[in-house]
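Tertiary structure, described
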Amino acid sequence: MNPSPAPTLPPAQRNRNRMLFVLIVVLFLGSAVVAGALRFSGWRPEGMQNKGELLDPPGDLRTHPLHLIDGGSYEWRPAERRWRILVAPPRDCAQACVELSQQLDLVWQLFGRNADHVDILWAGAVPEGAVRNPAWRLVEADPALRATLPRVDGGPGEADNGVPAYVVDPNGFVILRYAPGFDPGDLRSDMAKLLKLK
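All of the points below concern the structure found in this document. Position numbers for residues count from 1 along each chain, tracking the sequence in the order it is written. Given that this is a predicted model, residues contribute local features only at a pLDDT of at least 70 and side-chain atom pairs are listed and counted only at 80 or more, while totals for whole chains, interfaces and linings are drawn from all residues. Processing note: side-chain calculations cover all non-hydrogen atoms of the structure and skip hydrogens and water entirely.

1. A short note on the pairing of strand S5 (residues 118–123)
Per-residue accessibility, obtained with a 1.4 Å probe over protein chains only, is compared with the maximum for each type, and a residue is labelled buried under 20%, exposed over 50%, and partly exposed between these values. Strands are runs of DSSP state E lasting at least two residues, helices are runs of H or I lasting at least four, and both sets are numbered from the N terminus onward. For S5, the tally of buried residues reaches 6 of 6 residues, placing the bulk of the element in the interior. Neither face of S5 is exposed, since Val118, Ile120 and Trp122 on one face and Asp119, Leu121 and Ala123 on the opposite face are all buried. A pair of strands is labelled paired if DSSP reports no fewer than 2 bridges between them. Pairing analysis gives 5 bridges linking strand S4 (residues 83–87) to S5, with the strands arranged parallel. Paired with Leu86 across the strands is Leu121, a residue of S5. In this region the chain leaves S4, passes through helix H2 (residues 95–110) and returns to the parallel neighbour S5; the handedness of that crossover is right-handed. The pairing of S5 with strand S6 (residues 136–139) spans 4 bridges and is parallel. Opposite Ile120, over in S6, you have Trp136 as the bridge partner. Crossover handedness is defined by viewing with both strands directed away from the observer: a clockwise path from the first strand over the helix to the second marks the crossover as right-handed.

2. Considerations on the nonpolar core
Residues belong to one nonpolar core when they are buried, are Ala, Val, Leu, Ile, Met, Phe, Trp, Tyr or Cys, and are joined through side-chain atoms within 4.5 Å. Core analysis: the largest hydrophobic core is formed by 28 residues, its most contacted members being Leu104, Phe111, Trp122, Val167, Leu187 and Met191. Broken down by secondary-structure element, the contributors of at least two residues to this core are S4, H2, S5, S6, strand S7 (165–168), strand S8 (173–178) and helix H4 (184–195). If you tally residues by element for this core, the top one is H2, at 5 residues. When checking whether two residues touch, look at their non-hydrogen atoms; a contact exists if any pair is within 4.5 Å. In this structure Phe111 touches Ile85, Val118, Arg188, Met191, Ala192 and Leu195, once residues within four positions along its chain are discounted. One finds Leu55, Leu66, Leu145 and Leu149 within the second-largest nonpolar core, a separate group that totals 17 residues.

3. Comments concerning the pattern of salt bridges
Put simply, a salt bridge is a Lys or Arg side-chain nitrogen that is within 4 Å of an Asp or Glu carboxyl oxygen. Applying the stated criterion across every chain, the model contains 7 salt bridges. The salt bridge partner of Asp60 is Arg62, with a shortest N-O separation of 2.7 Å. Several salt bridges converge on common partners, so that one network encompasses Arg77, Glu80, Arg82, Asp119 and Arg137.

4. Some words on the sheet that holds S8
Two orientations exist for strands paired in a sheet by backbone hydrogen bonds: parallel and antiparallel. The sheet built from 6 strands is open, its strands ordered S1-S8-S7-S4-S5-S6 with mixed pairing. Strand pairing shows two members of the sheet lacking a second neighbour, strand S1 (53–60) and S6, which therefore form its edges. Across this sheet, the average inter-strand angle for adjacent strands is 30°, counted without regard to direction. Comment: axis = line fitted to C-alpha atoms, over the contacting stretch for helices; angle = value between 0 and 180 degrees taken between N-to-C directions. Contacting S4, S5 and S6, H2 crosses the sheet at an angle of about 170° to S5. Of the strands in this sheet, S4, S5, S7 and S8 are in contact with H4, which crosses S8 at around 150°.

5. Some thoughts on the side chain of Arg177
Positionally, Arg177 belongs in strand S8. Under the relative-accessibility criterion, Arg177 is labelled buried at 2%. The term polar contact refers here to a pair of N or O atoms within 3.5 Å; inside protein, the definition further demands a hydrogen-donor-capable atom paired with an acceptor-capable atom, and it admits residues adjacent in sequence only when both atoms are side-chain atoms. At 3.2 Å, the side chain of Arg177 forms a polar contact with the backbone oxygen of Pro150. Within the local environment of Arg177, its side chain forms a polar contact with the backbone oxygen of Arg151, the two atoms lying 2.9 Å apart.

The following block contains the structure:
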């Protein structure tokens, strides 16, 4: 007994099937090409963008011991998943540092239950009237520390009377910089995302 031959599709149906197959391939490859182009152009969705300047390469503080002003040293302890906000103001910083301390205190309080996972490292003397909270760790401002921080004395076109702030990850890498006069809401927004990574 001979098997019956496979039924042949009418030419119109066959052409429709081929066009559908080609359309599926074009949609798949087209979306892959668009996604690749966006990825390599540096575009990111609005929610994924950080407000601070991403430092590439990041500064490395792991081998740089930080000494607390009241004695002892500040340990990195990456297993604790503790994030840091670091400022290293110049010696003559007065009113700008008082305002910065108020902003940092507000940002820290807005972390709520995550505030315990953030230290504020203040390198150097604290001006009269500065707001200090339980997260503050006063460290010595030595030249080697300042040299590790990109544009610690400001950069071209930045506010002359302000102080930049930095975000340091749990391992001791300086990953974000906020220019003098930065919006504290930007720092809070970036830190809120980072604290979710713990």
